[in-house]
Amino acid sequence: MPAEVLEQAAAEMLNWPDAQGRLSGMGVMEMSHRGKEFLSIYEAAEADLRELLAVPANFKILFMQGGGLAENAIVPLNLSGLRAGNGHGAADFVLTGSWSEKSFKEAGKYCSNHIAASSKADGFTAIPPAASWELHDDASYVHICSNETIHGIEFQSLPDLKALGSKAELVIDFSSHVASRPVDWSRVGLAFGGAQKNLGPAGLTLVVVREDLLGHALSICPSAFDYKTVADNGSMYNTPPTYSIYIAGLVFKWLKRQGGMAAMEARNIAKAELLYGAIDATGFYMNGVARNARSRMNVPFFLRNEGLNEAFLAGAKEAGLLQLKGHKSVGGMRASIYNAIPLAGVQALVQYMQEFERTHG
Ligand SMILES: *Cc1c(COP(=O)(O)O)cnc(C)c1O
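Remember, it's a predicted structure, so these values are computed and weren't measured experimentally. (Residues numbered from 1 in each chain as written. Predicted model: local features only at pLDDT ≥ 70, side-chain atom pairs only at ≥ 80, totals over all residues. Heavy atoms only, no water.)

Enquirer: Which parts of the structure should I look at to understand the domain arrangement of the protein chain?
Expert: Put simply, an interface is often sized by how much accessible area is lost when its parts join up. The domain architecture assigned to the protein chain consists of domain 1 (3-258) and domain 2 (260-360). Each of domain 1 and domain 2 was reduced to a C-alpha centroid, and the two centroids are 27 Å apart. Counting residues at the interface gives 26 residues for domain 1 and 25 residues for domain 2. Regarding the contact of domain 1 and domain 2, the summed buried area is about 2100 Å², with carbon and sulfur atoms giving 54% of it. (Domains from an automatic or database assignment. Contact = heavy atoms within 4.5 Å. Buried area = accessible area lost by both parts, 1.4 Å probe.)

Put into structure tokens, the structure is as follows:
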């Protein structure tokens, strides 16, 4: 989280002031979600996000709950019947890591789930080229995880399904790199992401969906998860996660002050190049992901001598560098260098890595 955002939230905790500085007499958690104060917070958050991500007018922005994992069910409940009506629809999945694998498995409860491509045999270290994907005619959509948080794999450009001769919609799980770079909406039917990696606190799930994809939910879809119901009610069919939306709104304003997506992308490229450069510089550290698929946000790396892992983590903690232990399914280390991590944070990590190598190499 950007420190500026947390400081502002702390200052406004008990008595929220509007944009003109007029005090409301209450904190955001105490507001009615239908009151004019919260509605102004909501509308500003949506408008700022639309501007930041350049979301076209024919896409709805939905503020939902349930996280990325709930969307693994909500997406097939809404979209798998696009072509098959209310019968048993189908979807294609490109498996590039554990998150897309989870999405694939969950969708199997609601539709035929096909694997269009998988890099599992290579230990999820690359993205199968789009031209090699086996797209199925009955699939309503093709699901990709555009940034695999655990394996550190990122699509550097989104596939153009139309150019591949497909009529399916592209669905992207952009949970862990949303707002780190621009999105090419001309290629996307729906994007979803939990807020907690790059947008704000847990509890808020962002869905951006093209309008013509609304209204095709299976009859078993829970009303609160039917995108059309959510959209028709301005994300207030049920009470939305108000405080998380407020904080995300402060993050959107912070992102705009940083210069928006072009500036964030440039900063994230610089951070990633610095870190991968340090990993590749000597044989002491290593990252096994294909260079054209390396994530700018989540950088897994290994010490060649795994016996030094504990010493590396202990020294890092002493240097104020936290949460570097890799995901348990992959091991090693992982630096998640989300938007709120400044270049100086990555410089500090690289300095520590070089120092550790000097003393342990
Ligand atoms: C964290 C994450 C999720 C899971 O989100 P929850 O909010 O825990 O359900 C899904 N997809 C990706 C790519 C993630 O990084």
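After that view of the structure, there is still more to cover.
Enquirer: Please clarify how the packing of helix H1 (residues 3-12) against helix H6 (residues 242-258) should be interpreted in this entry.
Expert: The relative placement of two packed helices is expressed as an angle between their axes plus a distance between the axes. At their nearest, the axes of H1 and H6 sit 9 Å apart, and the two run at 135 degrees to each other. As judged from the angle between their axes, H1 and H6 are oblique. In this structure, H1 meets H6 at a crossing whose hand is right-handed. Here Glu4, Val5, Gln8, Ala9 and Glu12 of H1 come into contact with H6, specifically with Tyr243, Tyr246, Ile247, Leu250, Val251, Trp254 and Arg257. (Axes fitted to C-alpha atoms, helices over the stretch in contact; angles between N-to-C directions. Helix = DSSP H or I, 4+ residues; strand = E, 2+ residues; numbered from the N terminus. Parallel < 35°, antiparallel > 145°, perpendicular 65-115°, else oblique. Left-handed = near helix turned anticlockwise from the far one by under 90°.)

Enquirer: Honestly, the nonpolar core in this entry has me stumped. Any pointers?
Expert: Note on soluble globular proteins: their nonpolar side chains tend to be buried together. Counting residues in each nonpolar core, the largest one holds 52 residues, and the members touching the most others are Phe63, Trp133, Trp185, Leu206 and Leu255. In terms of residue count, H6 provides more of this core than any other element does, nine residues in total. With residues up to four places along the chain from it excluded, the contact list for Leu255 reads Leu52, Ala179, Gly260, Met261, Met264 and Asn339. Grouped together as the second largest cluster of nonpolar side chains are 25 residues, Val299, Leu303, Phe312 and Ile337 included. (Core = buried A, V, L, I, M, F, W, Y, C linked by side-chain atoms within 4.5 Å. Buried < 20%, exposed > 50% of the residue type's maximum accessible area, 1.4 Å probe, protein only.)

Enquirer: Is there a simple way to explain helix H2 (residues 36-52) in this structure?
Expert: An α-helix turns once every 3.6 residues. As a result, residues three or four positions apart point the same way. Along its 17 residues, H2 runs 24 Å from first to last C-alpha, staying within 8% of the 24 Å computed at 1.5 Å per residue. Along H2, the positions that sit buried rather than exposed are Glu37, Phe38, Ile41, Tyr42, Ala45, Asp48, Leu49 and Leu52. Looking down the long axis of H2, one finds its buried residues gathered within 140 degrees of arc, a one-sided arrangement. Across from the buried face of H2, at angles greater than 90 degrees, the exposed residues are Lys36, Glu43 and Glu51. Buried residues belonging to H2 abut strand S1 (59-64), strand S9 (205-210), H6 and helix H7 (260-281). Looking at the residues trailing H2, positive phi occurs at Ala54, about 50 degrees. (Expected span 1.5 Å × (residues − 1). Arc of directions from axis to C-beta.)

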